[in-house]
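Inside the fold
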Amino acid sequence: MAPTRPLFAANWKMHKDPVETREFLDAFLTRHGARDGATVVFFPPAISLQAFGESVAGRADVEFGVQDVHEETHGAHTGAISASMAPATGATWGLAGHSERRTEFGDDDATVGAKLSRLFEAGLQPILCVGETLEEREAGRLEEVLRRQVTGALDSIGAARREDLVYAYEPVWAIGTGRTATPADAAEAHAIARRCIADSTNEQDAANAILLYGGSVKPSNIDDLLAAEGVDGVLVGGASLEPASFAAICAGEG
Ligand code: 13P
């Protein structure tokens, strides 16, 4: 199903085993009412995908996906999972290029591009994550970094697929720090990212692209962030780990 706005995504990172996943969903699903037009997507750890899929069976209002995949389709890569393994769990989405993958695991733009290709080939809906560090921002390099990340990844995927990509702008300085970009910061960066997307695709695809904001999103700032120009939804880390908190974000309650 094509993703719709607003889009609320939860990146659980290395949190929640299968038991905790089931407990979360027991609590979340009773609170989460269908909101007109919204898409809600979770990214549990790979080990919890199966439990997630079983718990949301029959709930068309909750989708889920993989946080990361290997850039190859199969082979001797101990500890890795491939995109083609994910659909058997019911997963339909995949992240690529999260800043934690880029810094902790050395994913460069070419690797991120290869991962996007594997996700598309497996029939998953990818989200490309981009964003600058504080040092890069303070050095006035925001546009240069976003352009490199967008172009580097899009160059690796077929032109026909680029229009289907979903994007997340996540300034590294706002991730897990409690320091949120202001709605004006988000609007400015989203305009720059969209210009970079337009240069790699075309004006129409860039205007239509779903572009999420991520970085210390919480119930108290969701309304202001969603109201910012060009922000089509959010990618939430810490505040998605608690059912009431993420349900409030999905309801857009301030
Ligand atoms: P926080 O919401 O914890 O800042 O994490 C954001 C993020 O990295 C989501 O992918």
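Relevant structure appears above.
This section reports on the structure supplied with the text.

Basis of the calculations
- Residues numbered from 1 in each chain as written.
- Predicted model: local features only at pLDDT ≥ 70, side-chain atom pairs only at ≥ 80, totals over all residues.
- Heavy atoms only, no water.
- Patch = residues over 30% accessible without salt bridge, like charges linked within 9 Å, V, L, I, M, F, W, Y side chains within 5 Å.
- Areas by Shrake-Rupley, 256 points an atom, 1.4 Å probe, with all protein chains shown as cover.
- Salt bridge = Lys/Arg side-chain N within 4 Å of Asp/Glu carboxyl O.
- Lys, Arg positive; Asp, Glu negative; His and termini not counted.
- Charge placed at Lys NZ, Arg CZ, Asp CG, Glu CD.
- Helix = DSSP H or I, 4+ residues; strand = E, 2+ residues; numbered from the N terminus.
- Phe/Tyr/Trp six-rings, centres within 6.5 Å; stacked < 30°, edge-to-face > 60°.
- Buried < 20%, exposed > 50% of the residue type's maximum accessible area, 1.4 Å probe, protein only.
- Lys NZ or Arg CZ within 6 Å of the ring centre and 35° of its normal.
- Axes fitted to C-alpha atoms, helices over the stretch in contact; angles between N-to-C directions.
- Parallel < 35°, antiparallel > 145°, perpendicular 65-115°, else oblique.
- Left-handed = near helix turned anticlockwise from the far one by under 90°.
- Contact = heavy atoms within 4.5 Å.
- Nonpolar A, V, L, I, M, F, W, Y, C, P; charged D, E, K, R; others polar.
- Pairing = 2+ DSSP bridges.
- Near = heavy atom within 4 Å.
- Polar contact = N/O pair within 3.5 Å; in protein donor to acceptor, adjacent residues only side chain to side chain.
- 1 Å grid on protein atoms, 1.4 Å probe; cavity = no way out; pocket = protein on both sides within 12 Å on 5 of 7 lines; lining within 4 Å.
- Points joined across faces, edges and corners; volume = space filled by probe spheres on them.

**With respect to a negative patch on the surface**
A contiguous patch of negative charge, built from Asp17, Glu20, Glu23 and Asp26, is present on the exposed surface. Along the polypeptide, Glu20 turns up in helix H1 (residues 18-31).

**Regarding the packing of aromatic side chains**
Taken as a whole and assessed by the stated rule, the structure comprises 11 aromatic pairs. With a centroid separation of 5.3 Å and an interplanar angle of 80°, the aromatic rings of Phe28 and Phe42 are classed as edge-to-face. Separated by 14 residues along the polypeptide, Phe28 in helix H1 and Phe42 in strand E2 (residues 39-43) bring together distant segments of the chain. Here Phe42 falls in the buried class, since its relative accessible area comes to 0%. Pairwise contacts between aromatic rings join Trp12, Phe24, Phe28, Phe42, Phe52, Phe64 and Phe246 into one cluster. A cation over a ring is seen here: Lys16 above Trp12, with NZ or CZ 5.5 Å from the ring centre. Across from the ring centre of Phe105, 3.8 Å away, lies the NZ or CZ of Arg101, which sits over that ring.

**Some thoughts on the packing of helix H4 (residues 109-121) against helix H6 (residues 142-154)**
Across the interface, H4 lies against H6 with an axial gap of 7 Å and an inter-helix angle of 45°. The orientation of H4 relative to H6 falls into the category oblique. Here H4 runs over H6; the crossing is right-handed. Together, Asp109, Val112, Gly113 and Leu116 of H4 and Arg148, Gln149, Gly152 and Ala153 of H6 make up the contact between the two elements. Its residues placed into classes, the contact of H4 with H6 shows three nonpolar, three polar and two charged.

**Topic: the sheet that holds strand E6 (residues 166-169)**
Pairing is parallel in the closed barrel, where eight strands are placed in the order E1-E2-E3-E4-E5-E6-E7-E8. Between one strand axis and the next, the sheet turns through 25° on average, direction left out of account. Contacting strand E5 (125-130) and E6, H6 runs over the sheet at an angle of about 150° to E5.

**A short note on the pattern of salt bridges**
Applying the stated criterion to the full structure yields 17 salt bridges. Measuring nitrogen to oxygen at the nearest pair gives 3.3 Å for the salt bridge that ties Arg101 to Asp68. Note that Arg101 is positioned in helix H3 (residues 99-104) and Asp68 in the loop between strand E3 (63-66) and strand E4 (93-96), a separation of 33 residues in sequence. A relative accessible area of 21% places Arg101 in the partly exposed class. Under the relative-accessibility criterion, Asp68 is labelled buried at 19%. Shared partners join several salt bridges into a network, and the residues in it are Asp68, Arg101, Asp107 and Lys115.

**A word on the site of the ligand**
Residues in close proximity to the ligand total 13 residues, the closest being Lys13, His98, Gly176, Ser216 and Gly238. Within the backbone of Gly238, a nitrogen or oxygen atom sits 2.8 Å from an oxygen atom of the ligand. Bound to the protein, the ligand loses 95% of the 310 Å² it would expose on its own. In terms of residue class, the shell around the ligand is made up of four nonpolar, seven polar and two charged.

**Digging into the environment of Val130**
With respect to the secondary-structure elements, Val130 resides in strand E5. Taking the relative accessible area as the measure of exposure, Val130 reaches 3% and is therefore buried. Considering only alpha carbons, one finds Val130 and Gly237, 107 residues apart in sequence, at a separation of 15 Å. If we skip the residues at most four places from it in the chain, Val130 touches Arg102, Leu146, Gln149, Val150, Ala168, Tyr169 and Glu170.

**Comments concerning the side chain of Thr39**
By the secondary structure assignment, Thr39 is in strand E2. Filtering out sequence-adjacent residues up to four positions away, Thr39 remains in contact with Pro3, Thr4, Pro6, Leu7, Phe8, Glu63 and Trp93.

**Quick notes on the layout of surface pockets**
In this approach, a probe sized like a water molecule rolls over the atoms, and the result shows the empty space that is left. Estimated volume of the largest pocket: approximately 690 Å³. If you go around the largest pocket, you meet 24 residues; those closest to its centre are Met14, Gln67, Asp68, Arg101 and Phe105. Elements that contribute at least two residues to the lining of the largest pocket include exactly H3 and H4. The dominant element in the lining of the largest pocket, judged by the number of residues it contributes, is H3, at three residues. Here the residues of the lining of the largest pocket sort into nine nonpolar, seven polar and eight charged.

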